[in-house]
Amino acid sequence: MRIIGFVVKITIFLFVFHLLSCLNNNLVNPDNLKVNNIETENYIDPLKERAAEIVSLMDERLLAAQVLISGVDGRETLPLNSIDLLTEIPAGGIMLFRYNLSVNNSTIRSFLAEISILISEKSGIKPFMAVDHEGGSVNRFSRDITTLPAAVSYWDIFLEEGRETALEKIKNDSFKSAQDINILGINMNFAPVAEYLIDENRVFMASRSYGPDPLFTFQAALAFIQGMERAGIICVVKHFPGSAGTDPHYSASVLNWDKPALDKLVSPFSLLINNGARAIMAAHTLTPVIDSKIASLSSVVMKDWLRDELGFDGIIISDDFIMAAAGSQKPEDAAVSSIAAGSDMILVWPAHLRTTHQAILNALQDGTLSRERLADAVQRIVYEKLKMGLIEF
């Protein structure tokens, strides 16, 4: 029996040794790693190639229109002034508010289809149809849509029932609501908020944040995005790098923090970027240690920090430039400055659509904005629209 036991032990030892040797060879084999790296480096995304091809064929007027996300008048059908405006400037996106959506779902569906068809006929490219649909108090619908609870309510669930329960509920809730709004013709959501609660943003964020923990904020935002994307909605994570003070619609937003503290503040954004975030909204927040310009006008924030340091290659959308935190610059001038600094899309009210579009064209002529920078922005937009089926491949 002792001999048999000894033989069994030796056999097991040799088997384990052989298995570990095989695993070790596979894990550390330089040739294997080299081949994988070569394959990764040589991979060319066919959608990116197609996006570049489409953009190369666009004239300047269409390029300038694609970077604009405009509001619209009306709620049952487009008024003549809006038809004329979108015929002249077929915007890359449309942002919708409660006054557009306070009707029954059938009417909303036909209204949004009318807008999308008009823009598509004039440009050959369907628009992003966007809405703020965070949940809680940020809800643009008045009926017949699965409501989302306030973000902070999931923090309460996390504390009472655990992380997995909270995250699963977020994913399920966002998916159900995304199905409802996607059926209406909406394909972009200005959500989720990836700012965790701090003293500086508590007044403005209140119930809109997933709570005070950076890791849970990232996980909750990711679960929200996964639910939305499963139903065909692209999410715009907001507001980078963070908010401070009261509502930036009415007052300045300033974060007087050092870089290590700011790095922690944006850690949920960084983790979301590493997990495939496709669009991020740049805030009108000033971070003096980074730059003397607000984030939405700063190449240091958008290019050096967000793109180069954090590795984000998706769409950067600037917040609305009529907000007080944006400063006193005219919206159309701010739009040009923002695109030149690195943003890809600008939120514009209908009253400023023509002047903003013309300002971009003027900037191309006088060299304030290069065609290369504008084409780079539009290529990101077209790439996402190809992925979503808004442009035929």
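This write-up is about the structure you can find in this document. (Residues numbered from 1 in each chain as written. Predicted model: local features only at pLDDT ≥ 70, side-chain atom pairs only at ≥ 80, totals over all residues. Heavy atoms only, no water.)

## Comments concerning helix H14 (residues 299-309)
For step 1, the next point in the chain: Turning to H14, its buried residues number three or more, namely Val301, Met302, Trp305, Leu306 and Arg307. Across the axial projection of H14, the buried residues extend over an arc of 165°, all falling on one side.
For step 2, the next point in the chain: A distance of 3.2 Å separates the backbone nitrogen of Val300 from a side-chain oxygen at the start of H14, and that oxygen is part of Ser298.
For step 3, the next point in the chain: Downstream of H14 by a residue or two, Gly311 has a phi angle that is positive, lying close to 80°. (Buried < 20%, exposed > 50% of the residue type's maximum accessible area, 1.4 Å probe, protein only. Helix = DSSP H or I, 4+ residues; strand = E, 2+ residues; numbered from the N terminus. Arc of directions from axis to C-beta. Polar contact = N/O pair within 3.5 Å; in protein donor to acceptor, adjacent residues only side chain to side chain.)

## Considering unusual backbone geometry
For step 1, the next point in the chain: With an omega of -5°, the peptide bond running from Lys238 to His239 counts as cis.
For step 2, the next point in the chain: Locating His239 in the fold gives a position in strand S8 (residues 237-240).
For step 3, the next point in the chain: Cis geometry marks the peptide bond from Phe240 to Pro241; its omega dihedral reads 0°.
For step 4, the next point in the chain: Secondary-structure assignment places Pro241 in the loop between S8 and strand S9 (253-254).
For step 5, the next point in the chain: A positive phi angle, close to 45°, is found at Ala206, a residue other than glycine.

## A short note on the pattern of salt bridges
For step 1, the next point in the chain: Per the counting criterion, the structure on display carries 20 salt bridges.
For step 2, the next point in the chain: When the shortest N-O distance is used, the salt bridge between Lys238 and Glu134 registers 2.8 Å. On the criterion of sequence distance, the pair formed by Lys238 in strand S8 and Glu134 in strand S4 (residues 133-135) is long-range, its members being 104 residues apart. You'll find Lys238 and Glu134 in the same group, each marked buried.
For step 3, the next point in the chain: Shared partners join several salt bridges into a network, and the residues in it are Lys48, Arg307, Asp313, Asp344, Arg373, Asp376 and Arg380. (Salt bridge = Lys/Arg side-chain N within 4 Å of Asp/Glu carboxyl O.)

## Structural notes on helix H3 (residues 46-56)
Each full turn of the α-helix corresponds to 3.6 residues, which orients residues three or four apart in the same direction.
For step 1, the next point in the chain: Those residues of H3 that fall on the buried side of the exposure criterion are Ala51, Ile54 and Val55. Looking straight down H3, one finds that the buried residues subtend no more than 95° of arc, so they occupy a single side.
For step 2, the next point in the chain: In this structure, the buried residues of H3 make contact with helix H4 (60-66) and helix H17 (371-388).
For step 3, the next point in the chain: Its side-chain oxygen at 2.9 Å from the backbone nitrogen of Leu47, Asp45 defines the N-terminal cap of H3. (Contact = heavy atoms within 4.5 Å.)

## Looking at the nonpolar core
For step 1, the next point in the chain: Core analysis: the biggest nonpolar cluster contains 128 residues, and Leu86, Ile115 and Phe190 have the highest contact counts within it.
For step 2, the next point in the chain: Looking at this core, the element that brings in the most residues is helix H11 (residues 214-230), giving nine residues.
For step 3, the next point in the chain: If we ignore the near neighbours within four places in the chain, the residues touching Phe190 are Ile69, Met95, Ala130, Val131, Asp132, Glu134, Val236, Lys238, Met281, Ile317 and Leu347. (Core = buried A, V, L, I, M, F, W, Y, C linked by side-chain atoms within 4.5 Å.)

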